[in-house]
Amino acid sequence: MIRNSRDPSATEYAPAYAGIPTFMRLPATHDLADVDVAVAGIPYDGGSSTFRTGSRMGPRAIRENSLLIEGYHPRYRFNPLDLLRVVDYGDLEVKVASIEENIELVAEQVSRIVESGATVISLGGDHSITFPLLKAHADRYGPLAVIHVDAHTDTEEGYYNHGTPFVDAIRAGAVDAEAYVQVGIRGAWDPEDPIAGAESLGAEIMMIDDCFEMGIPMVVRRIRQKVGTKRVYVSLDVDAADPAYAPGVSTPAVGGFTSYEILQMIRGLRGLRIAGYDVVEVNPQYDHGAITSVLGANIAYEFLCLAALSRTET
Ligand code: MN
Ligand code: MN
């Protein structure tokens, strides 16, 4: 069992707000030797220049607001840091001026982490980063099942932006479209029917209305049926939560999940063969009282617990 050495300032007498604000005060390093999980920020929001930018500051805000998460999970009754060696890999390099070049640059860097055998938990950034993330994971594992939690389908046609990553990932062969599920879709935002577009690509869509009608345990059951034993990637756009729980996003859509429903859904993924995780679209510029950043930090922590469970249970 490997204990994580935290920031040197995190001594017995160092309160949570002291020291260098890495994610959960984990050691910051690019050394991937024996690392089980690398938490990496991807501070890119050029994909959201279609509306409200600002999620480039997401990784920083998530780290700041992760400091109170010391590790012990009262539901699972373990501290994932006792089971895994976890590092804060810092932020990946990004090309702010070119979305196409950014896709290549991010994919290269993620591939390096994935090839080391470490599981990546990415902190966005806007949702455009999920295409290079999926590409890098599929290069190692082949086409992946995808659990995509979002208010939006993100399978628009047209020029690349944060509303298109999944259509590009499917066309690049990174997604197993037979096992692609979108959860929490809602809102009026498109001139044409975005649902038909997503469905024609093979996505199974659980509209928010269906989710509330059937309840989260049934949502989880349907996700698990769809994914089965396939290797799966989890992408969570924080705007899936209602703006009351996640006001700091680029494209708010009313009538969404509560924070607890998001956690309940993540906990329901226990035991699936999850290859990688991202939490995207935390936008501190539009946040209030760090509501969204705190949620983002806790989502990343729940991912870490899933990773600990999959390393110990499968
Ligand atoms: Mn969204
Ligand atoms: Mn999205």
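Going by the structure above, here's the rest.
First, a word on what this report is: a plain description of the structure on this page. (Residues numbered from 1 in each chain as written. Chains lettered and ligands numbered in written order. Predicted model: local features only at pLDDT ≥ 70, side-chain atom pairs only at ≥ 80, totals over all residues. Heavy atoms only, no water.)

1. A closer look at the layout of surface pockets
Each pocket or cavity is described by its volume, and for the largest pocket that value is around 320 Å³. His152, Glu156, His162, Trp189 and Thr251 are, among the 20 residues lining the largest pocket, the residues nearest its centre. Taken as a whole, the second largest pocket spans an internal volume of roughly 230 Å³. Lining the second largest pocket are 14 residues, with Thr119, Tyr141, Arg231, Ile274 and Arg311 positioned closest to its centre. Here the residues of the lining of the second largest pocket are counted per class, giving six nonpolar, four polar and four charged. (1 Å grid on protein atoms, 1.4 Å probe; cavity = no way out; pocket = protein on both sides within 12 Å on 5 of 7 lines; lining within 4 Å. Points joined across faces, edges and corners; volume = space filled by probe spheres on them. Nonpolar A, V, L, I, M, F, W, Y, C, P; charged D, E, K, R; others polar.)

2. Quick word on empty space enclosed by the protein
Rolled over the atoms, a probe with the dimensions of a water molecule shows which regions are left empty. Throughout the structure, instances matching the rule amount to one cavity of 30 Å³ or more. By volume, the largest cavity is sized at about 50 Å³. If you trace the largest cavity, you find it lined by Ile147, Val149, Ile223, Val234, Leu236, Ile262, Met265, Ile266 and Leu269. Elements represented by at least two residues in the lining of the largest cavity include exactly strand E4 (144-149), strand E7 (231-237) and helix H9 (259-267). The element that contributes the greatest number of residues to the lining of the largest cavity is H9, accounting for three residues. For the lining of the largest cavity, a count of residues per class yields nine nonpolar, no polar and no charged. (Helix = DSSP H or I, 4+ residues; strand = E, 2+ residues; numbered from the N terminus.)

3. Here's the deal with the sheet that holds strand E1 (residues 37-42)
Taken together, eight strands build an open sheet; the order of strands is E2-E1-E3-E8-E7-E4-E5-E6 and the sheet is parallel. Looking at the sheet topology across the chains shown, the edges are occupied by strand E2 (86-91) and strand E6 (204-207). Pairwise comparison of adjacent strand axes, ignoring direction, gives a mean angle of 15 degrees for this sheet. (Pairing = 2+ DSSP bridges. Axes fitted to C-alpha atoms, helices over the stretch in contact; angles between N-to-C directions.)

4. Let's talk about the side chain of histidine 137
Relative to the elements of secondary structure, histidine 137 occurs in helix H4 (residues 130-141). Among the polar contacts made by the side chain of histidine 137, one reaches the main-chain carbonyl oxygen of leucine 133 at a distance of 2.7 Å. If near-sequence neighbours (up to four positions away) are discounted, histidine 137 is found in contact with Val110, Val114, Val120, Gly142, Leu144, Tyr233, Ala275 and Gly276. (Polar contact = N/O pair within 3.5 Å; in protein donor to acceptor, adjacent residues only side chain to side chain. Contact = heavy atoms within 4.5 Å.)

5. Focus: the coordination of the manganese ion (ligand 1)
Taken together, the protein donors to the manganese ion (ligand 1) comprise Asp150 (OD), His152 (ND1), Asp237 (OD), Asp239 (OD) and Asp239 (OD), at separations of 2.1 to 2.4 Å. Every donor residue of the manganese ion (ligand 1) comes from the same chain, spaced as D-x1-H-x84-D-x1-D. (Donors = N, O, S within 2.8 Å, 3.2 Å for Na, K, Ca; no water.)

6. A closer look at the side chain of threonine 292
Note that threonine 292 resides in helix H10 (residues 291-313). Not counting the four nearest positions on each side in its chain, threonine 292 is found in contact with Val238, Tyr245, Ala246, Pro247, Gly248, Val249, Val282 and Asp287.

7. Observations regarding the coordination of the manganese ion (ligand 2)
Only His127 (ND1), Asp150 (OD), Asp154 (OD) and Asp237 (OD) from the protein coordinate the manganese ion (ligand 2), and they sit 2.1 to 2.2 Å from it. In terms of primary sequence, the donors binding the manganese ion (ligand 2) are separated according to H-x22-D-x3-D-x82-D. Separation of the manganese ion (ligand 2) from the manganese ion (ligand 1) amounts to 3.3 Å, with aspartate 150 serving as a shared donor to the pair. One end of the pair, histidine 127, is in the loop between strand E3 (119-124) and H4; the other, aspartate 237, is in strand E7, and 110 residues separate them in sequence. The class of histidine 127 is buried, set by a relative accessible area of 0%. Aspartate 237 sits in the buried class, given a relative accessible area of 2%. (Buried < 20%, exposed > 50% of the residue type's maximum accessible area, 1.4 Å probe, protein only.)

8. Considerations on the packing of helix H3 (residues 99-115) against H4
How two helices sit against one another is set out by the angle between their axes and by the gap between those axes. Across the interface, H3 lies against H4 with an axial gap of 8 Å and an inter-helix angle of 40 degrees. Considering their axes alone, H3 and H4 lie oblique with respect to each other. Seen from above, H3 lies across H4 with right-handed handedness. Contacts between H3 and H4 involve Ile103, Glu104, Val106, Ala107, Val110, Ser111, Val114 and Glu115 from the first element and Phe131, Pro132, Leu133, Lys135, Ala136, His137, Asp139, Arg140 and Tyr141 from the second. Partitioned by chemical class, the residues of the contact of H3 with H4 number ten nonpolar, two polar and five charged. (Parallel < 35°, antiparallel > 145°, perpendicular 65-115°, else oblique. Left-handed = near helix turned anticlockwise from the far one by under 90°.)

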